[in-house]
Amino acid sequence: MREVSSLINAEVISSKEGKRLGVISQVAFDLSAGRLLGVILGRGAAEKGVRAEDIKTWGPDVVMVEHAEAASRLSEMPELMAARRDPTLPPPQIITEAGQRLGRLGRVFLDSAALKIVRFEISGGAWRDLTEGVLIMPVVSGIIHGPDTIIVPTRAVSRASESSSLRSSVEKAAESVREGAVEGAKRLGEALETGSESLRGSAVDRAKRLGEALETGTESLREGAVEGAKRLGEALETGTESLKKTLNAPLIISDAAAPMEPAEPQVIEVEVAVEEPVKKPAKASKPKATTAKPAAKKTPKAES
């Protein structure tokens, strides 16, 4: 079961060529025969049509045909051309054979495997749809599907009204359940908030008590440390005084102790052998030749 409007804006692709043929802008169907006629691609002068029997796959996002030739000009398809509607116009109105206006055409549901229209909804406006629910009509014989108006048999409307009343009752019951759930959730929220407040107060009280206990313990520990340090200081002071007295006491030597005589020095003779250096023989020098100088003649001095 699929809603016809879910096909709008779906792409049409040929499976043999892998070619994009267009995007669905309208779905053509005939409520008189309860039959799907086909889909219309594009808008304006570029509109094309694809017959329902040429569609091989009705996917959630893409509609598949076998060949690209399945998409032809809309003017060549009189059935689709007759079912085409101006998208700016409102949906067709629905009346009974007795002339009673029921509303306008709403959602239409399709069996894509059988290419059949199964049922459709009649909307009486937003307020009536909200308070009384929509009227659901099955596709029955005797429906006239014109371009602007759809005429349905009065007997079919009676059965549809009973079914719609039941649906409306179910919807009202569901609304009551929903309101009850909302109210229950609200009360649960308030209870949780109250419990959270109590828990928060208890946690704050426990934290306060723990802080006081820690503060008391810290104070006791501080006093114990001060007392210990005081006692340690007194002990150190007493020990220092005793050591000072010991160091200042005179050194007493007993008379019975004999003085030690100094030891005589011992002389140790050490003989050191000294080797005389070896004298090298002098080299013989050559005699120098001497030349005898003639003796100077003394001149006798003249007597005065």
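This structure is a prediction, so every number in the text was calculated from the model and none was measured.

Colleague: What should I look at first to understand the overall build of the protein in this one?
Modeller: From N to C terminus, the protein includes three helices and 14 strands. Counting the 304 residues in the protein, one finds 23% classified as buried. Taking contacts inside the protein between residues at least 6 apart in sequence as the whole, the part at least 24 apart equals 48%.

Colleague: For this particular structure, what's the right way to read the packing of aromatic side chains?
Modeller: Two aromatic rings are characterised by how far apart their centres lie and by the angle between their planes. Scanning the model with the defined rule gives zero aromatic pairs in all. Sitting over the ring of Phe109, Arg119 keeps its end group 4.5 Å from the ring centre.

Colleague: Explanation requested: the nonpolar core in the structure shown.
Modeller: Note on soluble globular proteins: their nonpolar side chains tend to be buried together. Counting residues in each nonpolar core, the largest one holds 37 residues, and the members touching the most others are Ile24, Phe29, Phe120 and Val152. Discounting residues that sit within four places of it in the chain, Ile24 has contacts with Leu7, Ile8, Asn9, Ala10, Val12, Val39, Ile40, Leu41 and Val63. Among the nonpolar cores identified, the runner-up in size contains six residues, and Ala28, Leu37, Leu74 and Leu80 belong to it.

Colleague: What is the right way to read unusual backbone geometry from this model?
Modeller: A negative phi angle characterises most non-glycine residues, just as the trans form characterises most peptide bonds. Residue Asn9 is not a glycine yet carries a positive backbone phi of 75°. Along the chain, Asn9 turns up in the loop between strand S1 (2-3) and strand S2 (11-14). Taking the relative accessible area as the measure of exposure, Asn9 reaches 59% and is therefore exposed. With a phi close to 60°, Leu115 is a non-glycine residue in the positive phi region. Secondary-structure assignment places Leu115 in the loop between strand S10 (101-111) and strand S11 (116-123).

Colleague: Mind showing me how you'd approach the pairing of strand S14 (residues 149-152) here?
Modeller: It is a general feature of regular strands that their side chains alternate between the two faces of the sheet. Because side chains alternate across S14, one face comprises the buried residues Ile150 and Val152, and the other comprises Thr149 and Ile151, none of which is buried. Taken together, the two bridges between strand S13 (residues 144-145) and S14 define a ladder with antiparallel strand orientation. Its bridge partner being in S14, Ile144 is matched across the sheet by Ile151.

Colleague: Could you clarify how one ought to interpret the side chain of Thr96 in this entry?
Modeller: Secondary-structure assignment places Thr96 in strand S9 (residues 93-96). Here Thr96 falls in the buried class, since its relative accessible area comes to 2%. In this structure, Thr96 is in contact with Leu102, Ile151, Val152, Thr154 and Val157, ignoring residues within four places of it in sequence.

Colleague: Quick question: what am I supposed to make of the side chain of Ser14 here?
Modeller: The residue Ser14 is located in strand S2 in this model. You can call Ser14 buried: its relative accessible area is 1%. At a separation of 3.0 Å, a polar atom in the side chain of Ser14 contacts the side chain of Glu17. If we ignore the near neighbours within four places in the chain, the residues touching Ser14 are Lys19, Leu21, Val65, Glu66, His67 and Ala68.

Colleague: I'm lost on the pairing of strand S7 (residues 62-65) in this one. Help?
Modeller: Only one face of S7 is covered, namely the one carrying Val63 and Val65; the face carrying Val62 and Met64 has none of its residues buried. Sheet analysis places S2 next to S7, joined by four bridges and oriented parallel. Looking across to S7, one finds that Ser14 is bridged to Val65. Bridge count for strand S6 (residues 55-58) against S7 is three bridges, and the pairing is antiparallel.

Colleague: Would you take a moment to explain the confidence of the model for the protein for this structure?
Modeller: Caution applies to low-pLDDT regions: their predicted coordinates should not be interpreted in detail. Per-residue pLDDT for the protein has a mean of 79; in total, 72% of the residues score no lower than 70. The lowest-confidence element of the protein is helix H3 (residues 154-248), averaging 72 in pLDDT; the highest-confidence one is S2, averaging 96. Residue range residues 253-258 is modelled with pLDDT below 50. Its contacts to residues more than four positions away, or to other chains, number zero contacts.

Colleague: In this structure, what is going on with the environment of Thr149? I would like to understand it.
Modeller: Tracing the backbone shows Thr149 in strand S14. In the structure, Thr149 is positioned 56 residues away from Gln93 in sequence and 5.0 Å away in space, judged by C-alpha atoms. With residues up to four places along the chain from it excluded, the contact list for Thr149 reads Pro92, Gln93, Ile95 and Ile144. Separated by 3.4 Å, the side chains of Thr149 and Gln93 make a polar contact.

How each quantity is defined
Residues numbered from 1 in each chain as written. Predicted model: local features only at pLDDT ≥ 70, side-chain atom pairs only at ≥ 80, totals over all residues. Heavy atoms only, no water. Helix = DSSP H or I, 4+ residues; strand = E, 2+ residues; numbered from the N terminus. Buried < 20%, exposed > 50% of the residue type's maximum accessible area, 1.4 Å probe, protein only. Contact = heavy atoms within 4.5 Å. Phe/Tyr/Trp six-rings, centres within 6.5 Å; stacked < 30°, edge-to-face > 60°. Lys NZ or Arg CZ within 6 Å of the ring centre and 35° of its normal. Core = buried A, V, L, I, M, F, W, Y, C linked by side-chain atoms within 4.5 Å. Pairing = 2+ DSSP bridges. Polar contact = N/O pair within 3.5 Å; in protein donor to acceptor, adjacent residues only side chain to side chain. pLDDT = per-residue confidence, 0-100.

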